[in-house]
Amino acid sequence: MSFPERGLIGIRALRREDIELILRTARSMKDISKRDVKKVPALRGKTVANLFFEPSTRTRTSFELAAKRLSADVVNFSPSGSSMAKGELMLDTVKNILAMNVDALVIRAKPEGACEFISQHVDVPVINAGDGMHEHPTQALLDALTMEEQFGTLDGLKVLIVGDILHSRVARSNIYLLKNFDIEIRVCGPPTLIPRGIESMGVKVFYHLQEALEGVNVIMMLRIQMERMQGGHFPSIHEYSKFWGLTAEILDRHAPPDAVVMHPGPLNRGVEITPDVADGARSVILYQVENGVAVRMAVLYLVVGGGR
Amino acid sequence: MTAIVLKKGRVIDPSQHLDTERTVIIRDGRISGIYPPGDEPPVEEDVLEFNVDGLVVCPGFIDLHVHLRDPGEEWKEDIASGTLAAARGGFTTVVAMPNTIPPNDTPQVTAYIVRRAREVGHVRVVPAGRIVRADGTALSPFGEMVEAGACAFTDDGSWTSDAQLMERAMEYAKAFGVPLLSHPEEPALSCGGQINEGQMSLLLGLKGIPSQAEEVAVFRDIKLAELTGGHLHLQHISTKGSVELVKLAKEKGMKNITCEVTPHHFSLTEEAVEGFNTSAKVKPPLRTEDDRQALLLGLRDGTIDCIATDHAPHSELEKKREFNEAAFGISGLETALPLSLNLVRNGHISLSRLVELLSVNPARIISSRGGTLKPGAPADVTVFDPDLEWEVTPEALASRGKNTPFLGKKLRGRVVITIVEGRIVHSVLKV
């Protein structure tokens, strides 16, 4: 059993046809969100539980909207003010929620493998909304949908991911997804934030942003987490943004004119990306957010049962 | 006391260069004699006679690395259950690690373990004390603890980063003739790590522990052993680089360095953690095939002195968790023999070398009187069937720790009789 029966734990387990099915379904879901009445009855009578053991605003909101636009009932659970604070184990919390007869779980959690672990112990599908440094599959899917919209096709693209690759579930899921297509994948960042041996995943490594930008179609900037500086991964925010921050000047000088800029959010304006780039004509960041709802509708539709 | 006759077994005792069909007679807790079949002297007193034709008879196995969890974590294991697991695995002596609650850094805790083992234990238990007292300030009282029964001192689980303290420990231990068992792991390089740094850490996004975290520690400890002349025993080495460093030290003539390897490290690779499998979460982490091959070579060429299980039982509470939250460790006493026999079946070592690795050499490292079947020696004897196949199930394991990546697997080779000082502590054979 894999996708969609068990849910969506990671991109790594998907085949190209699974990815194409999700993207195709997402494209048809986009229309729904643009209607006056933004709702279809596909998941009427189904209940989806959003369990966010780690803080998130946009992903949780996106999943909630997606479920509601398919007419599913949604319950949101986040650990603050709940029994998690009293030391209850994550699995017990999940089993308690399941005892109330929900049809699918959307889970964000800090430990890598948390969704895999939970899915081994429950009999409803689990959708991974981000587990530690492991995977964030719906992010990679919405990124792919955005790229496909911009360029018509995924095959033949050159995609550059910049920033903290080491700690990024977004980078990992994107690499797994893009490898299913004829895509040149590049990563760029300080060597301390690039995992050793990542070349074996079929990506090219760059330490200099200007060089990495040559000839790319897509530039995906990752959020730099301030706490990495304390860990000695780089000396200062100032130095980081000087060498790996994307400014309009660098973008115009080194990237092809049709290259687009993406960011999974939330942004650190002035750190990894300057405001003029984030808000500029080449930024597709808000399309990513819009596509996030469509992709999550597609995944819920395929997983929760409307798709079968 | 009843005499025991083990008739017509394949007796393998490298301590007297023996590998041939013999009958072993045990009297008064000691090996009475070894005789060619047909030449046995008559035994007048009460006698238990076993026909062990086709089975291997050898000196009892000695495990230098066992966590009995007693005192303090008896839900994971206690001295009774852990020593029963040892008896089933063919081990007649186990060295108990000191990371108990309270830790074994006083003669009182050492004495408790020795006494408790005498009361409820199935095999000999010799405690290893902590090198540094749990409060981190000074050496444990080696002398008093040796008097209470300690056979070695160790920093298992948490390497002694302070080089000066380790240097003092190696010097001081010389006065009592005990080895220091080092857990080589530089914490600054391994902290937060969950699995080997390599392909699986890339794929799963789990923080990796590089081989070098082990190797820099191995190198420092070898240098301190060179400086002090103290006996350094390196625990559970797992990387190609560590094997190379030990080999180099031995080639330079350092007789005061020994090392062990675990069955899980020579049997498995990092791929065993696929799917976030916590039963394969262990320190040091399972490494690559390249490392595994280097361990096999080290077992064959003598660089590696012995096989030790690092038996680390945990309950479901510690293992049925998210990967990061799960405890490190594998329950290993009862699978050590069949996994080691794979080395023989795959042509890496002889049966005689296997007995050396599991019995003769570990005995020498802790100056135990075991590890031999010479007449007069304590009758610590293991009899096993190298071909008997069995399935590793929770019910088949006597240990409370069912945390093994071999669960559900069929393994070949099983201990049929274990004798400690002339007492039968485990037997599946009829008289």
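Residues numbered from 1 in each chain as written. Chains lettered and ligands numbered in written order. Predicted model: local features only at pLDDT ≥ 70, side-chain atom pairs only at ≥ 80, totals over all residues. Heavy atoms only, no water.

Draft legend 1. Quick look at the overall build of chain A. In terms of helices and strands, chain A carries twelve helices and ten strands. Here the C-alpha atoms of chain A give a radius of gyration of 19 Å, agreeing with the 19 Å that 2.2 N^0.38 yields for 308 residues. Along the longest, intermediate and shortest principal axes, the C-alpha atoms of chain A span 55 × 45 × 35 Å. Residues counted as buried form 59% of the 308 residues belonging to chain A. (Helix = DSSP H or I, 4+ residues; strand = E, 2+ residues; numbered from the N terminus. Rg over C-alpha atoms; globule rule 2.2 N^0.38 Å. Buried < 20%, exposed > 50% of the residue type's maximum accessible area, 1.4 Å probe, protein only.)

Draft legend 2. Structural context of the environment of A:D123. Residues and elements named next belong to chain A. Within the fold, D123 resides in the loop between α4 (114-121) and β5 (126-131). Exposure remark for D123: the relative accessible area of 75% places this residue in the exposed category. In the structure, D123 is positioned 117 residues away from R6 in sequence and 8.2 Å away in space, judged by C-alpha atoms.

Draft legend 3. Quick look at the domain arrangement of chain A. Residues and elements named next belong to chain A. With domains assigned, chain A is organised as domain 1 (7-135 + 289-304) and domain 2 (137-287). For domain 1 versus domain 2, the distance between C-alpha centres works out to 25 Å. At the interface, 34 residues of domain 1 touch 29 residues of domain 2. Roughly 2500 Å² of surface becomes buried between domain 1 and domain 2 when both sides are summed, with 61% attributable to carbon and sulfur atoms. When the buried surface of domain 1 facing domain 2 is broken down by residue, I11, R16 and M133 rank first, second and third, together holding 23% of it. As a salt-bridge pair, R16 and D155 come within 2.8 Å of each other at their nearest N and O atoms. (Domains from an automatic or database assignment. Contact = heavy atoms within 4.5 Å. Buried area = accessible area lost by both parts, 1.4 Å probe. Salt bridge = Lys/Arg side-chain N within 4 Å of Asp/Glu carboxyl O.)

Draft legend 4. Structural context of helix α7 (residues 211-228) of chain B. Residue and element names in this part refer to chain B. Here α7 spans 26 Å end to end across 18 residues, near enough to the 26 Å set by a 1.5 Å rise per residue. Every buried residue of α7 is accounted for by S211, A213, E214, E215, A217, V218, R220, D221, I222, L224, A225 and T228. At the exit of α7 stands G229, carrying a positive phi of roughly 75 degrees. (Expected span 1.5 Å × (residues − 1).)

Draft legend 5. Structural detail: the side chain of B:D156. All names here are of chain B. When you line up the elements, D156 lands in the loop between β9 (152-154) and α4 (163-173). For the buried D156, no salt bridge exists, and the shortest N-O distance to an oppositely charged side chain is 7.4 Å, to R69. Within the structure, D156 has its side chain in polar contact with the side chain of H65 (distance 2.9 Å). Those residues in contact with D156 that lie beyond four places of it in its chain are H65, H67, M97, H183, Q235, H236 and D310. (Lys, Arg positive; Asp, Glu negative; His and termini not counted. Polar contact = N/O pair within 3.5 Å; in protein donor to acceptor, adjacent residues only side chain to side chain.)

Draft legend 6. Up close: the sheet that holds β5(A). Residues and elements named next belong to chain A. Spatially, five strands are ordered β1-β5-β4-β2-β3 in an open sheet, and the strand pairing comes out parallel. In the strand order of this sheet, the two ends are held by β1 (7-8) and β3 (73-77), each with one partner. Relative to β5, β1 is paired through two bridges, and the arrangement is parallel. From the neighbouring strand, G7 faces β5, where its bridge partner is V126. Contacts from helix α12 (residues 285-304) reach β1, β2 (47-52), β4 (104-109) and β5, with the element oriented near 145 degrees to β5. (Pairing = 2+ DSSP bridges. Axes fitted to C-alpha atoms, helices over the stretch in contact; angles between N-to-C directions.)

Draft legend 7. Just the pattern of salt bridges, in detail. Tallied over the entire structure, the rule returns 45 salt bridges over all chains. For B:R220, the salt bridge is made with B:D221, and the minimal N-O distance between the two is 2.8 Å. Through salt bridges with shared partners, a single network forms among A:K30, A:K34, A:E149 and A:E290.

Draft legend 8. Main features of the interface of chain B and chain A. Contact with chain B, which involves 18 residues of that partner, is made by 22 residues of chain A. For the pair chain B and chain A, the summed buried area comes to about 1700 Å², and 55% of that belongs to carbon and sulfur atoms. It is B:L202, B:L203 and B:E322 that lose the most area in chain B upon contact with chain A, and together they represent 37% of the buried surface on that side. In this structure, B:E274 and A:R12 form a salt bridge, with 2.6 Å as the shortest nitrogen-oxygen distance. One can count six residue pairs in polar contact (both at pLDDT 80 or more) joining chain B with chain A. Taken together, the residues of the side of chain B that touches chain A sort by class into six nonpolar, five polar and seven charged. (Nonpolar A, V, L, I, M, F, W, Y, C, P; charged D, E, K, R; others polar.)

Draft legend 9. Molecular detail of the domain arrangement of chain B. Residue and element names in this part refer to chain B. Splitting chain B by domain gives domain 1 (3-57 + 377-386 + 406-427) and domain 2 (60-365). For domain 1 and domain 2, the distance between their C-alpha centroids amounts to 28 Å. Taken together, the contact between domain 1 and domain 2 spans 24 residues of the former and 26 residues of the latter. Both faces considered, domain 1 and domain 2 share a buried interface measuring about 2100 Å² in area, 68% of it formed by carbon and sulfur atoms. Taken together, the connections running from domain 1 to domain 2 amount to two salt bridges. Summed over the shared surface of domain 1 and domain 2, the result is seven residue pairs in polar contact (both at pLDDT 80 or more). Breaking the side of domain 1 that touches domain 2 down by element, the ones donating at least two residues are β1 (3-13), β16 (381-391), β17 (410-420) and β18 (423-427). Top element by residues in the side of domain 1 that touches domain 2 is β17. It accounts for eight residues. Residue classes in the side of domain 1 that touches domain 2 are distributed as 13 nonpolar, five polar and six charged.

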